[in-house]
Amino acid sequence: MLKSALSPSLMCADLFKMKETIDDFELSGIEYLHIDVMDGTFVPNFCLGTDFCRRIKEKSSIPVDVHLMVTRPFEKLERFPFGEGDVVSVHHESDIVPHTLDAIERIHARGADAFIALNPDTPVDVLDCYTDHIEGVLLMTVYPGFSGRPMVPGSLEKIRRVRDYLDSIGKENVSVEVDGNVNYEKAPLMRKHGADMFVVGTSSVLGPGDLKENIKKMRKLLDEAVK
Ligand code: DX5
Ligand code: ZN
């Protein structure tokens, strides 16, 4: 089983305390910084953009985990700074397959890992055309676009189906990232069902309480889930 990794969702962080927050992430060994990008068309919201991403890359050594909730990502991803060690997720639902494969090629050309993102209503078998080209699957456990939304029923079983499918075709090293309502009660269940990368937002780590303590609590829960 892949080691668990935390990817705090920066759209949930306090913009006025971002520097201290990132410093705390670095002290806590956070593996990725989740940057939600929205174009107001693919999802009915706007969020973080190219300048934000650029400033984060300039100020922090933590790899970014860019979540492109945009139409035609193969045209837009060039505007974002990312490279070796970073993750970029494009949605299956954002374009027909050839374009999405084109986006994956462009992500790899810059040395980053490519994840395919699936919305809650998208069946697992669409992964068939991607599994030879990706390093991970980003499973939306909420309908995308806003933080604070409830987990979609059936999400745990879907995590298990994706993990079992990937393992059945020899893709044990392809990561399963979960995004949305990853709270202290659901995260261990998500881990047990096969998730290894966790977008943590207002539902847990970036919610109430001391940030460093919240991170320790989440890590302990995730480790205990697979003992
Ligand atoms: C939703 C975003 C998530 C979200 C997570 O579209 O992709 O990253 O901000 O926040 P919570 O934990 O509140 O669901
Ligand atoms: Zn996200």
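Preceding block: the structure.
None of these values were measured; they are calculated from a predicted model.

### Here we look at the coordination of the zinc ion (ligand 2)
Distances from the zinc ion (ligand 2) to its protein donors, His34 (NE2), Asp36 (OD), His67 (ND1) and Asp179 (OD), fall within 2.0 to 2.2 Å. Binding-site remark: the zinc ion (ligand 2) is held by donors from one chain whose sequence spacing is H-x1-D-x30-H-x111-D. Within this pair, whereas Asp36 is found in strand E2 (residues 33-38), its partner Asp179 is found in strand E7 (residues 175-179), the two being separated by 143 residues in sequence. Like Asp179, Asp36 is buried.

### Quick notes on the environment of Asn173
Along the chain, the position of Asn173 falls in the loop between helix H5 (155-168) and E7. In this structure, the C-alpha to C-alpha distance between Asn173 and Gly207, residues 34 residues apart in sequence, is 31 Å. Sequence-distant contacts of Asn173, that is, excluding residues within four places in its chain, are made with Leu2 and Glu135.

### Notes on the packing of aromatic side chains
Applying the stated criterion across every chain, the model contains zero aromatic pairs. Positioned over the ring face of Phe82 is Arg110, at 3.7 Å from the centre of the ring. Above the plane of the ring of Tyr184 lies Lys217, whose end atom (NZ or CZ) is 4.0 Å from the centre.

### Side note on the site of ligand 1
Around ligand 1 sit 20 residues, and of these Asp36, Gly145, Gly148, Asn181 and Thr202 come closest. One of the backbone N or O atoms of Gly148 is found 2.8 Å from an oxygen atom in ligand 1. Look at ligand 1: alone it shows 380 Å² of surface, and the protein chains cover 100% of it. Only E2 and strand E3 (64-69) provide two or more residues apiece to the shell around ligand 1.

### As for the pattern of salt bridges
Pairs can form between side chains of opposite charge once their charged atoms are near each other. Applying the stated criterion across every chain yields a total of 18 salt bridges. Its salt-bridge partner being Asp39, residue Lys76 comes within 3.3 Å of it at the nearest N-O pair. Residue Lys76 is found in helix H3 (residues 73-76), and its partner Asp39 is found in the loop between E2 and helix H2 (50-59); the two are separated by 37 residues along the sequence. Classification of Asp39 as buried rests on a relative accessible area of 16%. Among the ionic pairs, Lys220 bridges to Glu224, the shortest N-O distance being 2.8 Å. Of the two residues, Lys220 and Glu224 both sit in helix H7 (residues 211-225), four residues apart, roughly one turn of that helix. A cluster of three or more residues bridged by salt bridges with shared partners is formed by Glu78, Asp102, Arg106 and Arg110.

Conventions and cut-offs
- The residue numbering used here restarts from 1 in each chain and proceeds along that chain's sequence as written.
- The lettering of chains begins at A and the numbering of ligands begins at 1, in the order of writing.
- Restriction of local features to residues with pLDDT of at least 70 applies here, the model being predicted, together with a cutoff of 80 or more for giving and counting side-chain atom pairs; totals for whole chains, interfaces and linings are based on all residues.
- For the side-chain quantities, the full set of heavy atoms in the structure was used; hydrogens and water were omitted.
- The donor set covers N, O and S atoms within 2.8 Å of the metal, switching to 3.2 Å for Na, K and Ca, and it leaves out water, so a site may look short of donors.
- Helix and strand labels come from DSSP, where a helix needs a run of H or I of at least four residues and a strand needs a run of E of at least two; each type is numbered from the N terminus.
- Exposure is judged per residue with a 1.4 Å probe applied to protein chains only, and the accessible area is read against the type maximum: over 50% gives exposed, under 20% gives buried, and values in between give partly exposed.
- By definition, residues are in contact when any of their heavy atoms lie within 4.5 Å.
- Side-chain rings of Phe, Tyr and Trp, where Trp is taken by its six-membered ring, are said to pair if the distance between their centres is within 6.5 Å; with planes under 30 degrees apart they count as stacked, over 60 as edge-to-face, and otherwise as tilted.
- Look at NZ for Lys and CZ for Arg. If either is within 6 Å of the ring centre and within 35 degrees of the ring normal, a charge sits over the ring.
- Note on definitions. A residue lies near a molecule or strand when any single heavy atom of the residue is within 4 Å of it.
- Pairing of N or O atoms within 3.5 Å defines a polar contact, subject to two protein rules: one partner must be a possible hydrogen donor and the other a possible acceptor, and residues neighboring in sequence count only if both atoms are side-chain atoms.
- Method for areas: the Shrake-Rupley scheme with a 1.4 Å probe, in which residue coverage is limited to the protein chains shown.
- The salt bridge criterion pairs a side-chain nitrogen of Lys or Arg with a carboxyl oxygen of Asp or Glu, the two atoms within 4 Å.

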